[in-house]
Amino acid sequence: MHALALIATLALPAVPALAGPMPPWDPAKRSSAMEAVLVEAEAFAQPGGWVVDPQFMDQMGSPYLLAHGLGRPVANAVTEAEFPSAGVYHVWVRTLDWVAPWGASGAPGRFQVLVEGRPLEATFGTEGAAWHWQDGGTIEITRPRVRLALHDLTGFEGRCDAILFVRDGRFAPPNRDPEMAAFRRLCLGLAETPDPGGAFDLVVVGGGIAGTCAAVSAARLGLTVALVQDRPVLGGNNSSEVRVWLQGARNKEPWPRIGDVVAELEQQRQAHYGPANTAELYEDGKKLALVRAEPSLRLFLDRRANGVERDGDRIRAVIAQHIATGRRLRIEGRWFADCTGDAAVGALAGADFEVEPTGHMGPCNLWNVIETDTPQPFPRCPWALDLAERPFPGRDRSRPDPGKLGGWYWESGFDRDPMAEMERVRDWNFRAMYGAWDALRNVDGVLPNYRLNWSAHILGKRESRRLLGDVVLCFDDLAGDRQFPDGCVPTGWSNDLHHPDPRYEKGFEGNAFIAVAHFGQFPAHREQRPFWIPYRCLYSRNLANLFMAGRDISTRHNALGAVRVMRTGGCMGEVVGMAASLCKEHDTTPRAVYQDHLGELQDLMRRGTGKAPATEFPLPRSAAGAPPVIPTPTWLDQAGPNLARRANVSSATGSKPGSPPSRITDGRIEVTDNAGRWLGTGALPHSVELSWDGPVTLGAARIVSGYFAGTVTAPIADFALQWHDGAQWRDVPGAVVTGNRDPYWNATFPAVTTARLRLRISATHIQVTRLWEIELYGPIAKGSERGEAAKEHGG
């Protein structure tokens with residue numbers, strides 16, 4: 001038997017032909033011997049261009065292979081299967097037409113099954129809105145070892161769960177659990193009970209930043225630790241699979257060593273949008289090496305925790321299934337940490353939790369496009385979202401902006417079940433991506449040399465279940481600047497909650513695919529200091545040995561925006577590891593650590609669990625490995641002092657918390673520091689005014705705006721400098737701009753004398769004005785008036 005094409009000679013129930021609906025398969029009622037070969041797609045020896053997708057296995061029953069080709073057919077997945085005997089076999093293939101839930105035509109996920117290079121008569125992925133066994137007809141097997149292949153026909157997200165060959169054409173396989181799970185185990189020769197996986201002091205489930213920090217922290221404090229992760233890499237959203245960089249705070253007073261482990265994990269270069277956001281930036285290997293360096297930490301990769309054993313108010317073990325082989329392990333622990341984001345372990349064990357059925361934040365599948373040297377064909381996609389006459393970010397028939405495609409705001413699922421409906425939400429994101437690219441390429445006829453470059457097939461989730469602890473953090477706590485005696489984790493992020501963007505929602509009400517961020521202000525963020533999350537948010541209130549870290553901690557929806565980002569989650573993990581060490585030392589519970597040992601926990605927080613102070617791990621720099629080069633206007637050497645530094649700055653425009661407008665004249669142009677900008681929010685137009693005690697004469701300006709993500713993007717687009725003549729505002733000649741794409745815009749203009757000048761912004765990326773600096777100078781001598789850059793300096 002080939003190692004990856006698992007088969008068995010089975011005793012399965014004989015079902016009379018043409019007898020009507022198939023009864024449920026019951027292994028207890030086996031009546032006649034029948035040969036069958038089950039080949040799990042995720043276990044193919046060579047997946048080719050197909051990718052293993054386990055993220056929905058709890059809903060649809062199994063991991064599967066996905067042909068994620070972005071419109072280009074992927075290479076065949078290939079394996080071999082051994083058959084017990086020659087003869088005619090009936091073939092069943094478990095798949096679906098992934099756009100059928102919306103009644104869309106076209107069946108974009110079409111593929112073939114090849115047996116010894118020859119396709120079966122049926123084309124798969126062409127029918128059914130739900131996962132089912134599609135009839136593949138019959139085939140004669142003439143040799144004991146047979147080569148199988150999945151042949152993608154489109155590159156548009158075809159998917160295959162398994163292929164079944166049975167000698168009895170009257171048999172139809174079960175399609176629902178628990179019968180289907182029992183059928184798979186029987187076919188694959190797997191035990192009815194899980195195999196022993198070991199016993200540990202702490203079992204951490206979820207290998208994102210929060211879980212990895214919890215596992216490393218606990219191991220360094222002497223615990224035996226199991227870290228269970230259902231992917232081949234660590235990092236979660238901060239992995240090469242999802243590609244979101246870390247945000248939030250670490251290493252802040254009065255607990256400056258909280259964040260040391262996060263600092264060790266954090267990559268040293270970053271980019272977030274566009275083709276610069278490459279896989280290698282996320283340093284997956286570094287994360288794995290850090291974990292594997294701990295001798296008391298055992299890493300269980302590619303294992304999905306989908307079962308628990310509970311005794312009273314304690315969890316005794318988790319059951320973890322390998323996503324390729326199906327083999328299950330029973331992993332025992334004294335304490336457990338749910339770092340899954342979805343609160344998967346807590347929910348299985350009966351922990352108290354909350355979930356917003358509607359009105360919650362949705363997940364993203366980031367994507368980007370890349371320019372090439374030659375025209376790139378792209379087919380019409382009638383099955384995608386019809387955006388032919390709809391607006392979306394980046395669409396401008398005269399000046400399309402590929403940098404606005406596929407960013408964080410391409411988000412959906414706000415009113416969908418954040419567990420049961422996630423495959424459809426992910427597929428809706430796919431349909432939005434393909435629909436937008438179809439509209440740009442085939443309706444607008446723009447960006448002819450661009451192609452789709454990359455898209456995450458793993459969801460980047462923001463919100464689902466939240467486990468409840470002894471304290472449930474709410475926005476009133478943030479707004480009231482509540483000081484908890486057990487504050488232990490710094491926030492460092494605004495209360496950033498996402499909702500459908502009304503500018504793009506028309507026609508997609510209830511199924512929006514573009515989000516807008518709403519920032520709840522609270523004093524700590526406004527004053528650029530952390531709010532300290534209490535330890536009592538990090539353990540379950542009704543399960544005595546369950547911790548949690550990450551976005552599934554004890555918080556209300558209205559405070560989740562401030563705590564959900566990954567640096568903050570990693571700090572939670574570090575504290576959980578510390579608390580778990582005290583649980584072992586005192587043979588006690590997470591709650592008792594707060595009640596009886598808080599001072600000891602704080603002693604550990606002072607020392608930290610990093611191998612070196614975080615100062616040895618600086619915050620990331622750009623993907624280019626050096627600060628961006630800021631162009632210098634040719635006239636700048638001829639200019640006098642920057643008169644903006646002497647101005648008073650004010651704005652009636654709303655500001656994101658912690659970003660006062662005074663920043664735009666502080667003399668700092670550090671474009672790698674997004675925290676150093678003024679962020680104007682609310683309805684456009686935005687404006688910011690500079691005033692002097694007496695008249696000044698102006699003749700040149702430089703405006704630095706945008707967002708740093710490896711490069712500087714999203715500058716203000718349409719704007720005007722205006723001067724006040726004592727009675728009214730008047731445009732500065734030569735300083736009225738539309739369609740700006742230059743983050744370092746500069747210009748000279750005929751001299752104006754005024755005591756008041758304002759910048760009025762009428763178009764900007766997602767209605768947020770992002771300004772690092774406004775510089776204003778006196779008139780420039782002739783011969784130095786060009787606004788282009790002639791030289792460069794680092795910034």
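Each remark here, short or long, concerns the structure printed above.
Since we're looking at a predicted model, the values are computed, not measured.

Q: I keep staring at the sheet that holds strand 4 (residues 64-68) and nothing clicks. Help me out?
A: Taken in spatial order, the three strands of this open sheet run 3-4-11, and their pairing is antiparallel. Both edges of this open sheet fall to strand 3 (51-53) and strand 11 (156-160), since each of them pairs with a single strand only. Averaged over all pairs of adjacent strands, the angle between their axes in this sheet comes to 35°, without regard to strand direction.

Q: I keep staring at the layout of surface pockets and nothing clicks. Help me out?
A: Taken as a whole, the second largest pocket encloses approximately 440 Å³ of empty space. Surrounding the second largest pocket, 22 residues form its lining, Gln59, Met60, Ala130, Trp131 and Glu423 being those nearest its centre. Of all the secondary structure elements, the ones that give two or more residues to the lining of the second largest pocket are helix 1 (57-60) and helix 7 (422-443). Tallying contributions element by element places helix 7 first for the lining of the second largest pocket, with four residues. Looking at the lining of the second largest pocket, its residues break down into 12 nonpolar, three polar and seven charged.

Q: Help me understand the packing of helix 11 (residues 566-586) against helix 12 (residues 590-607) in this model?
A: When two helices pack together, their arrangement is captured by the angle between the axes and the distance separating the axes. For the pair helix 11 and helix 12, the least separation of the axes is 9 Å and the interaxial angle reads 115°. As helix 11 runs across helix 12, the sense of the crossing is right-handed. Contacts from Val575, Met578, Ala579, Ser581, Leu582, Cys583, Glu585 and His586 in helix 11 reach Pro590, Val593, His597, Glu600, Leu601, Leu604 and Met605 in helix 12.

Q: For this particular structure, what's the right way to read the environment of His586?
A: Within the element layout of this structure, His586 appears in helix 11. Judged by its relative accessible area of 29%, His586 falls in the partly exposed class. Taking the C-alpha atoms as reference, His586 lies 9.0 Å from His597; in sequence the two are 11 residues apart. Discounting chain neighbours no more than four positions away, the residues touching His586 are His597 and Glu600. There is a polar contact of 3.5 Å between the side chain of His586 and the side chain of His597.

Q: When you look at empty space enclosed by the protein in this model, what are you seeing that I'm missing?
A: Here the idea is plain: a probe the size of a water molecule rolls over the atoms and shows the empty space left. Summed over all chains, the structure comprises four cavities of 30 Å³ or more. If you add up the space inside the largest cavity, you get close to 60 Å³. In terms of lining residues, the largest cavity is bounded by Asn365, Trp367, Trp410, Glu411, Asn429, Phe430, Ala432, Met433, Ser455 and Phe513. For the lining of the largest cavity, the element with the most residues is helix 7, which contributes four residues. Within the lining of the largest cavity, the residues separate by chemical class into six nonpolar, three polar and one charged.

Q: Would you explain unusual backbone geometry in this entry?
A: Outside of glycine, negative phi angles account for most residues, and trans bonds account for most peptide bonds. Cis geometry is found at the peptide bond from Asp177 to Pro178, where omega equals 10°. Residue position: Pro178 is located in the loop between strand 12 (162-166) and helix 2 (179-188). Each neighbour pair has its own omega, and for Leu684 with Pro685 the value is 5°, a cis peptide bond. Along the chain, Pro685 turns up in the loop between strand 33 (678-681) and strand 34 (686-705).

Q: Is there a simple way to explain the pattern of salt bridges in this structure?
A: A pair can form between side chains of opposite charge whenever their charged atoms are brought close. Scanning all chains against the criterion turns up 54 salt bridges. Between Arg167 and Glu35 there is a salt bridge, with its nearest N and O atoms 3.1 Å apart. Pair noted here: Arg167 is in the loop between strand 12 and helix 2 and Glu35 is in strand 2 (residues 32-40), with a separation of 132 residues, a long-range link. Close ionic contact of Arg304 with Asp58 constitutes a salt bridge, the shortest N to O distance being 3.2 Å.

Q: I keep staring at the state of the cysteines and nothing clicks. Help me out?
A: Every disulfide links exactly two cysteines, by a covalent bond between their sulfur atoms. What the rule picks out here adds up to zero disulfides. Among the cysteines around Cys583, which has no disulfide bond, Cys488 carries the closest sulfur, lying 13 Å off. Of the residues examined, Cys583 reaches a relative accessible area of 0% and is grouped as buried.

Q: What am I meant to see in the sheet that holds strand 7 (residues 111-115) here?
A: Within a sheet, adjacent strands bond to each other through the backbone by hydrogen bonds, running parallel or antiparallel. Read from one edge to the other, the open sheet built from four strands follows the order 5-10-7-8, with strand pairing classed as antiparallel. Two strands lie at the open edges of the sheet, namely strand 5 (77-82) and strand 8 (118-119), each paired on one side alone. As paired elements, strand 7 and strand 10 (residues 145-152) share five bridges and run antiparallel to each other. Its bridge partner being in strand 10, Phe111 is matched across the sheet by Asp152.

Q: Sorry if this is basic, but what is going on with helix 12 here?
A: Every α-helix winds through 3.6 residues per turn, so residues three or four apart in the chain are directed the same way. For helix 12, built from 18 residues, the straight-helix expectation of 26 Å at 1.5 Å per residue is missed by more than 12%, its first-to-last C-alpha distance being only 20 Å. At His597, helix 12 shows its largest kink, close to 100°. Those residues of helix 12 that fall on the buried side of the exposure criterion are Pro590, Ala592, Val593, His597, Leu598, Leu601, Gln602, Leu604 and Met605. Trailing helix 12 by a residue or two, Gly608 shows a phi angle of about 75°, which is positive.

Q: What is the right way to read the packing of aromatic side chains from this model?
A: Ring pairs (aromatic) are described by centroid distance and by the angle formed between their planes. Under the counting rule described, the total for this entry stands at 25 aromatic pairs. Taking the centre distance of 6.1 Å and the plane angle of 90° together, the rings of Phe200 and Phe300 count as edge-to-face. Taken together, the residues Phe200 in strand 13 (residues 195-205) and Phe300 in strand 16 (residues 297-300) connect sequence positions 100 residues apart. Each member of the pair, Phe200 together with Phe300, is buried. Where Trp383 meets Tyr434, the ring centres are 5.5 Å apart and the plane angle is 70°; that geometry is what we call edge-to-face. Here Trp383 is found in the loop between strand 21 (367-371) and helix 7, whereas its partner Tyr434 is found in helix 7, with 51 residues between them in sequence. An aromatic cluster is defined as three or more aromatic residues linked by ring pairs; in this entry it consists of Trp102, Trp367, Phe392, Trp410, Trp428, Phe508 and Phe513. Sitting over the ring of Tyr89, Arg167 keeps its end group 5.2 Å from the ring centre.

Criteria and cut-off values
Numbers given to residues run from 1 along each chain, matching the order in which its sequence is written. Thresholds applied to this predicted model are a pLDDT of at least 70 for local features of residues and 80 or more for the giving and counting of side-chain atom pairs; totals over whole chains, interfaces and linings are not thresholded and use all residues. Excluded from the side-chain calculation are hydrogens and water; included are all heavy atoms of the structure. A strand pair is defined by DSSP finding two or more bridges across the two strands. Runs of H or I in DSSP of at least four residues are treated as helices and runs of E of at least two as strands, each being numbered from the N terminus. A fitted line through C-alpha atoms represents every axis, and for helices the fit uses only the stretch in contact; the resulting angles, taken between N-to-C directions, go from 0 to 180 degrees. Think of a 1 Å grid over just the protein atoms. A cavity is a set of points where a 1.4 Å probe fits yet cannot get out, a pocket is an open set with protein on both sides within 12 Å along at least five of seven lines, and lining residues have an atom within 4 Å of a point. Grid points are joined across faces, edges and corners, and a volume is the space filled by probe spheres set on the points. Classification convention: Asp, Glu, Lys, Arg as charged; Ala, Val, Leu, Ile, Met, Phe, Trp, Tyr, Cys, Pro as nonpolar; all other residues, Gly among them, as polar. Left-handed describes a crossing in which the near helix is turned anticlockwise from the far one by less than a right angle; the clockwise case is right-handed. Contacts are assigned to residue pairs that have any heavy atoms within 4.5 Å of one another. Any residue under 20% of the maximum accessible area for its type is buried, any over 50% is exposed, and the rest in between are partly exposed; the area is computed with a 1.4 Å probe on protein chains only. Counting of polar contacts relies on pairs of N or O atoms within 3.5 Å, with two restrictions inside protein: one atom must be capable of donating a hydrogen and the other of accepting it, and residues adjacent in sequence are counted only when both atoms are side-chain atoms. Throughout this description, the term salt bridge denotes a Lys or Arg side-chain nitrogen within 4 Å of a carboxyl oxygen of Asp or Glu. Note on disulfides: each one is a pair of cysteine sulfur atoms within 2.5 Å. To estimate the expected span of a helix, subtract one from its residue number and multiply by 1.5 Å. The bend at a residue is defined as the angle formed between two axes, one fitted to the seven residues ending at that residue and one fitted to the seven starting there. Only centres within 6.5 Å qualify two rings of Phe, Tyr or Trp (six-membered ring in Trp) as a pair; their planes then separate them into stacked at under 30 degrees, edge-to-face at over 60, and tilted for everything else. Note on criteria: charge over ring means Lys NZ or Arg CZ within 6 Å of the ring centre, with the direction from the centre no more than 35 degrees off the ring normal.

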